[in-house]
Amino acid sequence: MKVFKYSLSLLLVHVVVSVNAQNKSEWIYAGKSGKLNYKTMDRGDKIMDFSYAGYMGGGVSIPTVPVKVILNPLDGDNTEAIQNAILQVSKMPLVNGLRGAILLNKGTYSCSGQININNSGVVLRGSGSGGDGTIINMIGTAHLCISVKGNVNSTTLGNTAKITDAYVPSGSNSFSLDNASGFSVGDTIRITRPVTDEWVKFMGMDALTRDGKKQTWIKGDITIDRVISKIDGKKIALDVPLTDSYDAIYTKPGVSVVKIKTTGEISQTGVESLRITCMAKSVTINDAHYRALSMSGLSDGWAKDIDIYNTVNSVSVTGKCITLDGVNINHTIPTVGAAKPADLNGSGPQILFNHCNITGDNVFFLATGAKVSGPIVLLNCVFKGNGWIQPHQRWATGLLIDNCQVPNGGIDFMNRGAMGSGHGWAIGWAVAWNCIAKSFLNQQPPGAVNWVIGSNGESQKKPIPSFPADAGAANQPEGIYDSKGTSVTPASLYLSQLAERLGKQAVKNIGY
């Protein structure tokens, strides 16, 4: 019955959005042939193709993995029994990348410790996320319920090349090198952008102070990994577009590119159809917390049909090509204090949060970490309560919020100034598409853009928090608003981009 309700709700979302869609965005729209047209800025920047977010790079069905071990709930602590079953399946051979699933039959599994999945092809599956399904109830001291984690190590191979373009636009998928002879199609490369003093000053982040002390925004490097899809002389094409621009003026001595080899990453691993609960507590951000799920060192993984109750900093995803589908978080007691936890931490490339819902107060519904490069997509999510979708700190890029609702809270693309320990500009090249929120705070970073398109809610203007008045704390320039208050076509940017890139079947593969 739950599957039927889920499918019907998706259908209703599309019906409502389609009926209300009236305008055509000037930034992306379907031409006479039906192909999407993209408006570019003066230097070639454009809204990126976000459709690469999700399991297997988008548009691929999550597999049904055969059951290998079945468990029933035990009296007392079930942690060891579940962990032993996971270890048993982890020793089985891989068949087409999969080992098997551990099925937890209906009932309550009290667990005092963390459950770990550290091998590829292993799935932890319950018998439903409802109250009469599979419940993992955390007991004892506060801890993380489920950890899906690989031990990733990357090594460089061959010589390092430098990008020779004076400017590489955000949303593009190619650039030129000074020497491409050491690269081949199919190579995984690491692109490294130095964080220079010139760029930090250009971004206005060199004057951050808090309580009279200088704050550091970011330092070191910003790196992203891509796969080479084509080589034409010294020009390299990539499998996934770039989420940020590279301006040679601010990246001296240059953006470097090197081939890498990665080991220890796990894949084809998921958590499905269960409920995670813990004792409801009124806590601050600094207290010990029960947390639900962490996924790191993982590529091509998933979590689906999961209900979560009363955890704090509930879900963290820092792997890549991961889909969270139908993950619902509910709080009966809010956290206290000015510092807020993040229920969804999306801090990896190619992450899709599809039809995820949160109910609670005093939370960040979604936040991002430092130097995060997407694409990261929230699709058809509903977040109820006094909270915000707010990229959190230190320059994340490539976020799409598509047909999401935050009726009592906000969607913020902002400069957080000296908040935290100098969070500064939190996000660039972000898009809110056909969203509804109580408020939008859309600020425009130097050299970048944030868009709010076809969305409905109050537009706010605010100064930089905790920023000296003589250092530019006045209201920040607004980002781009397009078709304010009236939805646009296409109804869903992500689904339209996915259909154009991979065909209609790819959209059906992910449940639409």
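On a predicted model such as this, the values are computed, not experimentally measured, just so you know.

1. As for the overall build of the protein chain
Right, so step 1: For the protein chain, the count of helices and strands is five helices and 40 strands.
Right, so step 2: Expressed along its principal axes, the backbone C-alpha trace of the protein chain runs to roughly 65 × 55 × 50 Å.
Right, so step 3: The buried share of the protein chain, taken over its 512 residues, is 56%.
Right, so step 4: Long-range pairs, those at least 24 residues apart, make up 71% of the contacts in the protein chain with a sequence separation of at least 6.
Right, so step 5: In the form shown here, the protein chain has an accessible surface area of approximately 20,600 Å², with 50% of it arising from carbon and sulfur atoms.
Right, so step 6: For the protein chain, the separation between the mean place of its 46 positive charges and that of its 37 negative charges on side chains is 2 Å.

2. Notes on helix H4 (residues 493-502)
Right, so step 1: Restricting attention to buried positions, one finds in H4 the residues Leu493, Tyr494, Leu495, Ser496, Gln497 and Leu498.
Right, so step 2: Downstream of H4 by one or two residues, Gly503 has phi in the positive range, about 100°.

3. Remarks on the pairing of strand S33 (residues 396-402)
Right, so step 1: Buried residues dominate S33, accounting for seven of its seven residues.
Right, so step 2: As judged from the five bridges shared by strand S30 (residues 373-379) and S33, these two strands associate in the parallel manner. By the bridge assignment, Leu378 is partnered in S33 with Ile401.
Right, so step 3: Pairing geometry for S33 and strand S35 (residues 427-433), over six bridges, is parallel. If you follow Asp402 over to S35, its bridge partner there is Trp433.

4. A look at the sheet that holds strand S20 (residues 256-263)
Each strand in a sheet pairs with its neighbour through backbone hydrogen bonds, running either in the same direction (parallel) or in the opposite one (antiparallel).
Right, so step 1: Spatially, six strands are ordered S11-S20-S14-S17-S18-S13 in an open sheet, and the strand pairing comes out antiparallel. Single-partner strands in this sheet number two, and they are strand S11 (153-162) and strand S13 (174-176). Each adjacent strand pair in this sheet contributes to an overall mean axis angle of 40°, direction not counted.
Right, so step 2: Here strand S14 (residues 188-194) pairs with S20 via four bridges, running antiparallel. The residue bridging Arg190 from the neighbouring strand is Val258, located in S20.

5. Overview of empty space enclosed by the protein
Right, so step 1: Taken as a whole and judged by the stated rule, the model has two cavities of 30 Å³ or more.
Right, so step 2: Looking at the largest cavity, its volume works out to about 90 Å³.
Right, so step 3: In terms of lining residues, the largest cavity is bounded by Arg193, Ile222, Ile224, Leu242, Thr243, Asp244, Tyr246, Lys371, Val372, Ser373, Trp395 and Thr397.
Right, so step 4: Here the lining of the largest cavity is built from residues that sort into six nonpolar, three polar and three charged.
Right, so step 5: Of the voids in this model, the second largest cavity is the one considered here, and its volume is about 50 Å³.

6. Re unusual backbone geometry
Right, so step 1: A cis amide bond links Lys252 to the next residue, Pro253, at an omega of 15°.
Right, so step 2: Within the fold, Pro253 resides in the loop between strand S19 (246-247) and S20.
Right, so step 3: For the peptide bond that leads from Thr489 to Pro490, omega is 0°, which places it in the cis range.
Right, so step 4: Assignment of secondary structure puts Pro490 in the loop between strand S40 (488-489) and H4.
Right, so step 5: One non-glycine residue, Asn313, lies in positive phi territory at about 50°.
Right, so step 6: Relative to the elements of secondary structure, Asn313 occurs in the loop between strand S23 (298-309) and strand S24 (315-317).

7. Some words on the pattern of salt bridges
Right, so step 1: Considering all chains together, one arrives at eight salt bridges under this definition.
Right, so step 2: Linking Glu26 and Lys39 is a salt bridge whose minimum nitrogen-to-oxygen distance equals 2.4 Å. Of this pair, Glu26 sits in the loop between strand S1 (23-24) and strand S2 (28-30) while Lys39 sits in the loop between strand S3 (36-38) and strand S4 (67-71); the two residues are 13 residues apart in sequence, bridging distant segments of the chain.
Right, so step 3: Residue classification places Lys39 among the partly exposed positions, given a relative accessible area of 33%.
Right, so step 4: We note a salt bridge from Arg125 to Glu272, for which the minimum N-O separation is 2.7 Å.

8. Some remarks on helix H2 (residues 79-90)
Right, so step 1: A rise of 1.5 Å per residue sets the reference length of H2, with its 12 residues, at 16 Å; its end C-alpha atoms lie 16 Å apart and thus fit the reference within 8%.
Right, so step 2: What H2 keeps buried is the set Thr79, Ile82, Gln83, Ala85, Ile86, Val89 and Ser90. The buried residues of H2 occupy one face: seen down the axis, they fall within an arc of 160°.
Right, so step 3: Close packing links the buried residues of H2 with S4, strand S5 (100-104), strand S6 (107-111), strand S7 (115-117) and strand S8 (122-125).

9. Brief notes about the confidence of the model for the protein chain
Right, so step 1: When pLDDT is averaged along the protein chain, the result is 91, and 93% of the positions lie at 70 or above.
Right, so step 2: Segment residues 1-19: pLDDT under 50, and 19 contacts once partners within four positions in sequence are set aside and those in other chains are kept.

10. Considerations on the packing of aromatic side chains
Two measures describe an aromatic ring pair: the distance that separates the ring centres and the angle between the ring planes.
Right, so step 1: Summed over the entire model, instances satisfying the criterion amount to eight aromatic pairs.
Right, so step 2: Here Tyr55 and Trp302 contribute two aromatic rings whose centre-to-centre distance is 5.4 Å and whose plane-to-plane angle is 85°, an arrangement assigned as edge-to-face. You can see Tyr55 sitting in the loop between S3 and S4 and its partner Trp302 sitting in strand S23, a full 247 residues away along the chain. As far as burial versus exposure is concerned, Tyr55 and Trp302 are alike and both buried.
Right, so step 3: Taking 6.4 Å as the distance between ring centres and 70° as the angle between the ring planes, the aromatic pair formed by Trp217 and Trp395 counts as edge-to-face.

Rules used in this analysis
- Residues numbered from 1 in each chain as written.
- Predicted model: local features only at pLDDT ≥ 70, side-chain atom pairs only at ≥ 80, totals over all residues.
- Heavy atoms only, no water.
- Helix = DSSP H or I, 4+ residues; strand = E, 2+ residues; numbered from the N terminus.
- Buried < 20%, exposed > 50% of the residue type's maximum accessible area, 1.4 Å probe, protein only.
- Contact = heavy atoms within 4.5 Å.
- Areas by Shrake-Rupley, 256 points an atom, 1.4 Å probe, with all protein chains shown as cover.
- Lys, Arg positive; Asp, Glu negative; His and termini not counted.
- Charge placed at Lys NZ, Arg CZ, Asp CG, Glu CD.
- Pairing = 2+ DSSP bridges.
- Axes fitted to C-alpha atoms, helices over the stretch in contact; angles between N-to-C directions.
- 1 Å grid on protein atoms, 1.4 Å probe; cavity = no way out; pocket = protein on both sides within 12 Å on 5 of 7 lines; lining within 4 Å.
- Points joined across faces, edges and corners; volume = space filled by probe spheres on them.
- Nonpolar A, V, L, I, M, F, W, Y, C, P; charged D, E, K, R; others polar.
- Salt bridge = Lys/Arg side-chain N within 4 Å of Asp/Glu carboxyl O.
- Expected span 1.5 Å × (residues − 1).
- Arc of directions from axis to C-beta.
- pLDDT = per-residue confidence, 0-100.
- Phe/Tyr/Trp six-rings, centres within 6.5 Å; stacked < 30°, edge-to-face > 60°.

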